[in-house]
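Residue-level structure breakdown
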Amino acid sequence: MGPVDEQQEDHRATRPAFEAFVEACRHESLARPYLNEAIDELKACAMALRSRWELVQESLTIPSLTSPERGYPDACRPGILDPLNRLRSSDKRVLSVDVFDTCLVRLVSDPLLVFRWAGLRLEGLTRMEPGLFAAERQRTEEALRARVLQSGEREDILLEEIYEALGAALGWDERTLSMALHVELDCERALLRPVTVVRDAVWRALRAGQEICYTSEMYLRAEVLRDLLREAGFPVEGSLILTSGETGKSKGTGNIYRLLCERHSREAVIHVGDNPATDIEVPLRLGIESIPVQAPRIAHAHLLPAVMESVLGDTASGGGSPFERLGHALAGPLHFAYAVWLYRRAQTEGVEAVYFLSRDGWFTKQVFDELQSRWGSVVSSQYLYASREMLGLASMETIEAEDWEFLLKPAPGLRTRDFFDRLRIPESIYAPLAADVGLPSPDERICHHWGFFSPVFKEGLYRAICSCLPSFLNHRTELAISLRAYYSGAGLFSRRAMFVDLGWAGSTSRSLRRLAGGGECPLGAYFALFNEPATTDAAYFYDSRQEGGVAVLLQSGIALMEFLFGSPQPTVSAMWKSPDGWRPQFRGGWAPAQLEAWAALEKGIMRYTAGVLEGLPSDPGGEAHSLVERLLQKAVFSPEAESLLGLSAMEHGEGWGTDHRLRFLPRWDTVPDLSLQLEGYCLSPWRPGLAAWIKHLSNQEKSTS
């Protein structure tokens with residue numbers, strides 16, 4: 001069969017699905033208003049989407065197809081967990097398990113960062129720089145352990161002994177000593193996470209009748225480890241816990257294993273751990289079977305992402321509405337990481353004022369202000385009204401090729417009149433011209449979800465707008481005068497100012513530079529850009545590697561992130577000055593459900609922010625890009641069912657100059673057939689979420705059948 005025959009066969013095989021698609025659209029389609037006028041084009045679009053849909057179907061069972069492969073800089077020790085399967089067939093009576101890096105892993109790559117965090121939290125009490133505190137804490141431990149080992153009395157020490165020696169060297173009183181010890185334990189606890197596969201294996205062993213013993217080379221007491229393991233979900237009641245600090249016997253010498261073997265014969269014990277020497281070689285030398293486990297983990301090299309991630313595990317985050325939980329688990333980390341980056345940039349670049357542009361800066365400003373109240377104020381901040389529509393039109397003193405693309409930009413469902421209304425061109429002026437250039441009547445739709453119904457319409461709009469330019473320029477001039485006065489009065493046009501926006505194309509920077517004319521221009525700050533920033537701008541997410549990886553992630557999640565960077569206000573289309581100051585003119589309004597969702601989202605964001613700042617009294621250094629990427633990747637490509645249910649009720653976006661909105665996801669109660677799935681894929685602004693939504697519905701059907 002040749003290529004042509006294969007193509008014809010491919011078309012024949014897919015024809016029933018397309019016919020079903022078209023028939024479904026006629027009766028119950030979201031696209032019904034324009035279907036009859038564009039039936040051929042709709043078929044063509046469905047044909048083009050067939051290959052994409054096959055990927056969507058596969059992605060329902062193969063998550064890797066919807067998720068770009070990313071290697072995170074702070075990821076280490078990939079899991080080697082297959083040896084755990086040996087436990088299933090083991091006839092040993094006792095399971096001995098290492099604790100740290102086997103049952104529990106820290107969110108930091110270096111234990112010294114635990115001491116640094118403790119030093120950061122104790123700085124006001126000890127008057128010691130955190131790095132100096134961490135170094136002194138480590139030096140004291142090493143010196144005390146060496147002294148104890150040299151004496152031959154014991155093989156390890158306790159945390160209380162370390163702090164007694166540290167307090168004596170630094171002249172601390174009893175209160176300072178007690179608080180310092182408890183702060184370190186709090187930091188340790190907050191940074192620990194369970195290794196779920198090991199936890200599951202321990203529970204299986206317990207149910208199979210095996211006795212459990214936790215064996216740790218650690219300066220903590222058994223009761224402290226018991227609490228940590230219990231909080232992480234491990235079975236500890238009735239289990240033996242042996243620590244080198246409390247028993248005075250270490251794994252390296254094998255004496256802690258000999259202590260275990262005083263209770264059980266060596267042949268009855270099997271040990272699981274990560275250290276090749278103390279968990280594998282030493283037990284084997286003593287005749288104890290051992291299993292090597294290298295637990296998977298995400299370990300951060302800096303405190304900022306580690307503390308941010310530790311707050312995500314706060315049990316209090318489980319309360320509230322789904323949107324409040326979304327604010328705590330996703331929007332909070334996004335806005336906090338962005339706000340920290342803005343704070344540092346303001347410090348290092350001599351910025352005196354930061355201007356958060358509507359609507360994208362609404363939540364970020366609140367987080368930024370809270371951060372300044374805790375870490376120290378470095379700049380003034382202000383919320384300014386702006387929109388792509390208002391800035392784009394006001395800055396258009398001369399109309400360039402890029403401006404025409406903006407003026408003629410299609411959006412789903414736009415009518416002829418919408419293109420002229422958004423330029424404030426009256427119908428009495430454009431209506432006679434529209435008919436002459438082949439445009440439909442003012443109330444007819446000329447755009448669908450993929451562009452114009454016909455290229456003739458775009459050409460006709462261009463010709464008609466050219467003929468109406470004087471009317472448009474009058475509106476543009478008035479808008480430019482008011483905006484220049486508004487922004488100048490606020491102090492935005494200054495080299496010591498910085499504006500904050502969400503990003504993608506960076507159009508606000510171009511518009512503000514044009515509005516400023518020969519005046520001074522502010523620095524630009526964006527959460528993410530897909531093209532290279534201007535020389536005065538920067539983005540939290542932009543680098544030369546964006547062809548794959550993070551660019552795929554961000555582009556796939558645009559709709560979701562625009563919701564997370566939303567605000568209770570609709571698009572502002574103009575500013576007017578009243579006796580009480582400048583007032584915005586809004587276009588339309590949001591539904592109560594949308595406003596309630598944002599209010600709950602804000603509550604979650606601010607609770608998350610308070611949680612992080614509670615643990616970080618000052619800037620700890622480091623960035624959180626990797627953590628934010630990981631959270632976004634999960635939210636965009638494999639969101640939880642609860643998030644899907646909530647977001648399926650929400651609207652997304654406003655086409656510029658219109659109040660046209662789409663739902664994130666179709667509100668399906670059951671899994672639709674292929675034809676409606678195809679259509680849903682076309683219309684959903686959040687397509688990876690749609691794939692997860694269909695999978696969720698499929699699982700629901702399976703569980704009820």
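Let me sum up the structure you'll find in this document.

Definitions and cut-offs
Residues numbered from 1 in each chain as written. Predicted model: local features only at pLDDT ≥ 70, side-chain atom pairs only at ≥ 80, totals over all residues. Heavy atoms only, no water. Helix = DSSP H or I, 4+ residues; strand = E, 2+ residues; numbered from the N terminus. Buried < 20%, exposed > 50% of the residue type's maximum accessible area, 1.4 Å probe, protein only. Contact = heavy atoms within 4.5 Å. Areas by Shrake-Rupley, 256 points an atom, 1.4 Å probe, with all protein chains shown as cover. Salt bridge = Lys/Arg side-chain N within 4 Å of Asp/Glu carboxyl O. Pairing = 2+ DSSP bridges. Axes fitted to C-alpha atoms, helices over the stretch in contact; angles between N-to-C directions. Polar contact = N/O pair within 3.5 Å; in protein donor to acceptor, adjacent residues only side chain to side chain. Left-handed = near helix turned anticlockwise from the far one by under 90°. Phe/Tyr/Trp six-rings, centres within 6.5 Å; stacked < 30°, edge-to-face > 60°. Core = buried A, V, L, I, M, F, W, Y, C linked by side-chain atoms within 4.5 Å. Arc of directions from axis to C-beta. Disulfide = S-S within 2.5 Å. Parallel < 35°, antiparallel > 145°, perpendicular 65-115°, else oblique. Nonpolar A, V, L, I, M, F, W, Y, C, P; charged D, E, K, R; others polar.

1. As for the overall build of the protein chain
When its secondary structure is counted, the protein chain shows 29 helices and 20 strands. Among the 705 residues that make up the protein chain, the fraction classed as buried is 53%. In the protein chain, the share of contacts with a sequence separation of at least 24, taken over all contacts with a separation of at least 6, comes to 74%. Summed over all atoms, the accessible surface of the protein chain reaches about 30500 Å², with 51% contributed by carbon and sulfur.

2. Regarding the pattern of salt bridges
For the structure shown, the criterion picks out 41 salt bridges. Two residues, Arg484 and Glu397, come together in a salt bridge whose shortest N-O distance is 3.9 Å. With Arg484 in helix α21 (residues 469-490) and Glu397 in the loop between α16 (388-394) and α17 (401-407), the pair connects residues that are 87 residues apart, well separated along the chain. Its relative accessible area of 29% is what places Arg484 among the partly exposed residues. With relative accessibility at 55%, the residue Glu397 sits in the exposed group. Taking the shortest distance from any N to any O, the salt bridge between Asp537 and Arg513 comes out at 3.9 Å. One end of the pair, Asp537, is in strand β16 (residues 537-541); the other, Arg513, is in helix α22 (residues 507-516), with 24 residues separating them in the sequence. We classify Asp537 as buried; its relative accessible area is 9%. Residues joined in a network through salt bridges with shared partners are Arg137, Glu141, Arg145, Asp156 and Glu184.

3. Points about the sheet that holds strand β8 (residues 289-292)
Taken in spatial order, the five strands of this open sheet run β6-β5-β2-β7-β8, and their pairing is parallel. Every interior strand has two partners, whereas the edge strands, β6 (240-243) and β8, have only one. Each strand axis lies, on average, 20 degrees off the axis of its neighbour in the sheet, ignoring direction. Taken strand by strand, helix α9 (residues 222-231) contacts β5 (211-216) and β6, and its axis lies near 120 degrees from that of β6. Where helix α12 (residues 276-285) meets the sheet, it contacts β7 (269-273) and β8, and its direction lies at approximately 165 degrees from that of β8.

4. Considering the side chain of Gln569
Considering the arrangement of structural elements, one finds Gln569 in the loop between α24 (558-564) and β17 (572-578). A polar contact is formed between the side chain of Gln569 and the side chain of Ser567, at a distance of 2.9 Å. In contact with Gln569, not counting residues within four places along its chain, are Arg359, Trp362, Tyr383, Tyr385, Phe586 and Trp590.

5. Details of the packing of helix α5 (residues 130-151) against helix α6 (residues 159-170)
In contact at an axis separation of 9 Å, α5 and α6 are set at 115 degrees when each is read in the N-to-C sense. In this structure, the crossing between α5 and α6 has a hand that is right-handed. Across from Phe133, Glu136, Arg137, Thr140, Glu141 and Leu144 in α5, the residues of α6 making contact are Leu159, Glu161, Ile162, Tyr163, Ala165, Leu166 and Leu170.

6. Some words on the packing of aromatic side chains
Geometry of an aromatic ring pair is reported as the spacing of the ring centres plus the angle between the planes. Evaluated as defined, the whole model comprises 30 aromatic pairs. Summarising the aromatic geometry, the rings of Tyr540 and Phe541 are spaced 5.0 Å apart at their centres and angled 80 degrees between planes, so their arrangement reads as edge-to-face. By relative accessible area, which is 4% here, Phe541 ends up buried. Plain terms: the ring middles of Trp590 and Trp598 are 5.1 Å apart, the flat faces sit at 85 degrees to each other, and that makes the pair edge-to-face.

7. Quick notes on the environment of Arg496
Take Arg496: it is sitting in the loop between α21 and β14 (497-504). Placed 27 residues apart in sequence, Arg496 and Leu523 show a C-alpha to C-alpha distance of 7.6 Å. In contact with Arg496, not counting residues within four places along its chain, are Gly350, Val351, Glu352 and Ala353.

8. Comments concerning the nonpolar core
The nonpolar side chains of soluble globular proteins are, as a tendency, buried together. Formed by 196 residues in total, the largest nonpolar core has its most connected members in Tyr214, Phe336, Tyr487, Phe527, Phe563 and Leu564. Sorting elements by how many residues they give to this core places helix α14 (residues 322-348) first, with 14 residues. With residues up to four places along the chain from it excluded, the contact list for Tyr487 reads Leu384, Tyr385, Ala386, Met390, Leu391, Leu492, Phe493, Leu512 and Leu515.

9. Looking at α9
Think of an α-helix as 3.6 residues a turn; residues three or four steps apart then line up on the same face. Inspection of α9 places Ala222, Leu225, Arg226, Leu228 and Leu229 among the buried residues, and these make up the whole buried set. Seen along its axis, α9 keeps its buried residues to an arc of 165 degrees; they face one direction. Of the surrounding secondary structure, the elements contacted by the buried residues of α9 are β3 (104-106), α7 (174-190), β4 (192-194), β5, β6 and α10 (244-247). Following α9 by one or two positions, Gly233 has its phi on the positive side, about 90 degrees.

10. Concerning the state of the cysteines
What makes a disulfide is a covalent bond joining the sulfur atoms belonging to two cysteines. Under the definition given, this model contains zero disulfides. Left without a disulfide partner, Cys466 is nearest to the cysteine sulfur of Cys468, which lies 9.3 Å away. The partly exposed category is assigned to Cys466, whose relative accessible area is 30%.

11. Quick look at the environment of Trp341
Considering the arrangement of structural elements, one finds Trp341 in helix α14. Taking relative accessible area as the criterion, Trp341 reaches 12% and is therefore assigned buried. Through-space distance from the C-alpha of Trp341 to that of Phe527 is 9.6 Å; in sequence the pair is 186 residues apart. Not counting residues up to four positions away in its chain, the partners in contact with Trp341 are Ala525, Tyr526, Ala538, Ala539, Tyr540 and Glu623.

12. Some points on the packing of helix α4 (residues 112-126) against α5
Closest axis-to-axis distance for the α4/α5 pair is 7 Å, and the angle between their directions is 125 degrees. Judged on the interaxial angle alone, α5 and α4 are oblique. Handedness of the α4/α5 crossing: right-handed. For the pair formed by α4 and α5, the contact residues are Leu112, Phe115, Arg116, Ala118, Gly119, Leu120, Leu122 and Glu123 on the first element and Pro130, Gly131, Phe133, Ala134, Arg137, Gln138 and Glu141 on the second. Residue classes in the contact of α4 with α5 are distributed as eight nonpolar, three polar and four charged.

13. Quick notes on the pairing of strand β18 (residues 581-586)
Examined bridge by bridge, β17 and β18 share six bridges and lie antiparallel to one another. Pairing of Met575 across the sheet is with Pro584, part of β18.

14. Let's talk about the environment of Asp91
Within the secondary structure layout, Asp91 lies in the loop between β1 (75-76) and β2 (94-97). The spacing of Asp91 and Ala208 is 117 residues in sequence and 9.7 Å in space, taken between C-alpha atoms.

15. Concerning unusual backbone geometry
Backbone torsion omega between Ser358 and Arg359 reads -5 degrees, so that peptide bond is classified as cis. Structurally, the position occupied by Arg359 is in the loop between β10 (353-357) and α15 (362-375). Positive phi, normally seen in glycine, also occurs at Arg424, with a value near 60 degrees. As for its position among the elements, Arg424 is in the loop between α18 (416-421) and α19 (427-436). Classification of Arg424 by relative accessible area gives partly exposed; the value is 28%.

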